[in-house]
Amino acid sequence: MSPTPPRRSRRDTPPPRTGSSETEVLRGFLGYLRESVAAKVEGAPEPHVRTPGVPSGTNLLGLLQHLTAVERATFLGDRVADWQGTFHASPEDGVADVVARYREAVARADEVLDQCADLASPVPRPRSGSPSPSVRWALTHMIEETGRHAGHADILRELIDGATGR
């Protein structure tokens, strides 16, 4: 039996107290989840951050790489030909590189969202040939996608070094 990693807890951050509008609630929860998943990857040790924690090959760095691609596709109009490929960070990319790209994609996505006053309007992204989803749908999808992978990241980070909390 392998030794249990030391328990290294972080303070658990409770869900945000947002304003009362639908936009404030959706953006508040998305921001909370974005920060939670980025914090799970920051400071994770190499090479463990790339080591698959489950038979499917999922690893902590790959999750954040994937979420970067989803942010860019949803809000910036990037096309993704191989979604499975987005789960793999380049060997040259360190933790800081992947976290910085994720935070940059989030900042650019937020700039797009700052222009959207009506949740029913389409996301104003430069993609031709396919209709943009509504801002409401895009926010809800990103909350679901980020929350799902934040849960995966919680487990993978705890397996790496025992760190828990958001």
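Residues numbered from 1 in each chain as written. Predicted model: local features only at pLDDT ≥ 70, side-chain atom pairs only at ≥ 80, totals over all residues. Heavy atoms only, no water.

**Focus: the overall build of the protein**
Per the secondary structure count, the protein includes 4 helices and 2 strands. Each helix and strand of the protein, placed in order from N terminus to C terminus, yields the pattern β-α-α-α-α-β. Taking 166 residues into account, the globule formula puts the C-alpha radius of gyration at 15 Å, and the protein, at 17 Å, falls close to it. Principal-axis analysis of the C-alpha atoms places the extent of the protein at approximately 55 × 35 × 25 Å. Contacts spanning at least 24 positions in sequence make up 71% of the contacts within the protein whose residues lie at least 6 apart. About 8,900 Å² of surface is accessible on the protein, with carbon and sulfur atoms providing 56% of the total. For the protein, the distance from the average position of its 20 positive side-chain charges to the average position of its 22 negative side-chain charges is 2 Å. (Helix = DSSP H or I, 4+ residues; strand = E, 2+ residues; numbered from the N terminus. Rg over C-alpha atoms; globule rule 2.2 N^0.38 Å. Contact = heavy atoms within 4.5 Å. Areas by Shrake-Rupley, 256 points an atom, 1.4 Å probe, with all protein chains shown as cover. Lys, Arg positive; Asp, Glu negative; His and termini not counted. Charge placed at Lys NZ, Arg CZ, Asp CG, Glu CD.)

**Topic: the packing of aromatic side chains**
This model, assessed by the stated rule, comprises 1 aromatic pair. With a centroid separation of 6.5 Å and 75° between ring planes, the pair formed by Phe 29 and Tyr 32 is classed as edge-to-face. Here Phe 29 pairs with Tyr 32, and both are found in helix α1 (residues 22–41), just 3 residues apart, close to one helical turn. Judged by its relative accessible area of 31%, Phe 29 falls in the partly exposed class. (Phe/Tyr/Trp six-rings, centres within 6.5 Å; stacked < 30°, edge-to-face > 60°. Buried < 20%, exposed > 50% of the residue type's maximum accessible area, 1.4 Å probe, protein only.)

**Describing the layout of surface pockets**
Taken as a whole, the largest pocket holds about 260 Å³ of empty space. Looking at the largest pocket, it is lined by 15 residues, and the ones nearest its centre are Val 54, Ser 56, Gly 57, Thr 58 and Phe 87. Broken down by secondary-structure element, the contributors of at least two residues to the lining of the largest pocket are α2 (60–76) and α4 (135–161). Examining the composition of the lining of the largest pocket, we find that 5 residues originate from one element, α4, more than from any other. Along the lines of polarity and charge, the residues of the lining of the largest pocket split into 5 nonpolar, 9 polar and 1 charged. (1 Å grid on protein atoms, 1.4 Å probe; cavity = no way out; pocket = protein on both sides within 12 Å on 5 of 7 lines; lining within 4 Å. Points joined across faces, edges and corners; volume = space filled by probe spheres on them. Nonpolar A, V, L, I, M, F, W, Y, C, P; charged D, E, K, R; others polar.)

**Describing the nonpolar core**
With 20 residues, the main nonpolar core has Val 37, Val 41, Val 49, Leu 60, Leu 61, Leu 64 and Tyr 102 as its most contacted residues. Sequence-distant contacts of Leu 60, that is, excluding residues within four places in its chain, are made with Lys 40, Val 41, Ala 44, Val 49, Ala 153, Leu 156, Arg 157 and Ile 160. Counting 18 residues, the second-largest nonpolar core is a separate cluster that includes Tyr 32, Leu 76, Leu 113 and Ile 143. (Core = buried A, V, L, I, M, F, W, Y, C linked by side-chain atoms within 4.5 Å.)

**A short note on the packing of α1 against helix α3 (residues 95–114)**
Interaxial distance between α1 and α3 falls to 10 Å at its minimum, and their mutual angle equals 170°. By the angle between their axes, α1 is roughly antiparallel relative to α3. In contact with Arg 27, Arg 34, Glu 35, Val 37, Ala 38 and Val 41 of α1, α3 contributes Val 95, Val 99, Tyr 102, Arg 103, Val 106, Ala 109, Asp 110, Leu 113 and Asp 114. By residue class, the composition of the contact of α1 with α3 is 9 nonpolar, no polar and 6 charged. (Axes fitted to C-alpha atoms, helices over the stretch in contact; angles between N-to-C directions. Parallel < 35°, antiparallel > 145°, perpendicular 65-115°, else oblique.)

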